[in-house]
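Chain residues, written in single-letter form:
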Amino acid sequence: MIGLKGTLNVIDNSGALLIECVNVLKQKVNNGWGSVGDEIVCVVKRARPIAGTASASAPKVRQGDVRRAVIVRTRKAVRRPDGRYIRFDDNAAVLLNNKREMLGTRIGGVVSADLRMKGWGKIVSLAPKVV
């Protein structure tokens, strides 16, 4: 359950480290709270420093940028159809561009299997582990 001013770790290689949610983009259900697979608008609160020389591995975002992201892990337990509850140690997201494509090329962490059901198969395929 991610709401306004909620902070999330970024687990892709876009250059952002910490983001803050400013809006949850979805239908008016759940009263503005976002869960795994929901798209949010966020502000980059902490990013990797940008080096002086322009290189291929230069970060794609900088501190203060307003971006879209998709939630991939939450601390709030989510109930699966078989009755199990899945909860993670932190809140995490992956940054997107305006075309709903991933900004980074790699994912460095565990993601929820619920993403596949919500249409984020590309994120699931790049993740090292799916729970």
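An unreviewed UniProt entry lists the protein chain under the name Large ribosomal subunit protein uL14m, with Lentinus tigrinus ALCF2SS1-6 as the source organism. What UniProt records for the protein chain under Sequence similarities (unreviewed entry) is the sentence "Belongs to the universal ribosomal protein uL14 family."

**A look at the environment of Gly37**
Within the secondary structure, Gly37 sits in the loop between β2 (16-25) and β3 (39-47). The buried category is assigned to Gly37, whose relative accessible area is 9%. In this structure, Gly37 is in contact with Val70, Ile71, Leu115, Lys118 and Trp120, ignoring residues within four places of it in sequence.

**Concerning the nonpolar core**
One recurring pattern in soluble globular proteins: nonpolar side chains tend to sit buried together. Core analysis: the largest hydrophobic core is formed by 17 residues, its most contacted members being Leu8, Ile19, Ile40, Ala69 and Leu95. Those elements that provide at least two residues to this core are β1 (7-10), β2, β3, β4 (66-73) and β7 (92-96). Core analysis: the next-biggest nonpolar cluster, separate from the first, contains 15 residues, Val36, Val72, Leu96 and Val111 among them.

**Some remarks on the pairing of β3**
Each regular strand displays side chains that alternate between the two surfaces of the sheet. Counting buried positions along β3 gives seven out of nine residues, so the element sits mostly inside the fold. As defined by bridge partners, β2 adjoins β3 across eight bridges and the pair is classed as antiparallel. For Ile19, the partnering residue across the bridge sits in β3 and is Val44. Bridge count for β3 against β4 is five bridges, and the pairing is antiparallel. Within the sheet, the bridge partner assigned to Glu39 lies in β4 and is Val70.

Rules used throughout
- Residues numbered from 1 in each chain as written.
- Predicted model: local features only at pLDDT ≥ 70, side-chain atom pairs only at ≥ 80, totals over all residues.
- Heavy atoms only, no water.
- UniProt positions renumbered as here; feature names shortened; annotations may be inferred.
- Helix = DSSP H or I, 4+ residues; strand = E, 2+ residues; numbered from the N terminus.
- Buried < 20%, exposed > 50% of the residue type's maximum accessible area, 1.4 Å probe, protein only.
- Contact = heavy atoms within 4.5 Å.
- Core = buried A, V, L, I, M, F, W, Y, C linked by side-chain atoms within 4.5 Å.
- Pairing = 2+ DSSP bridges.

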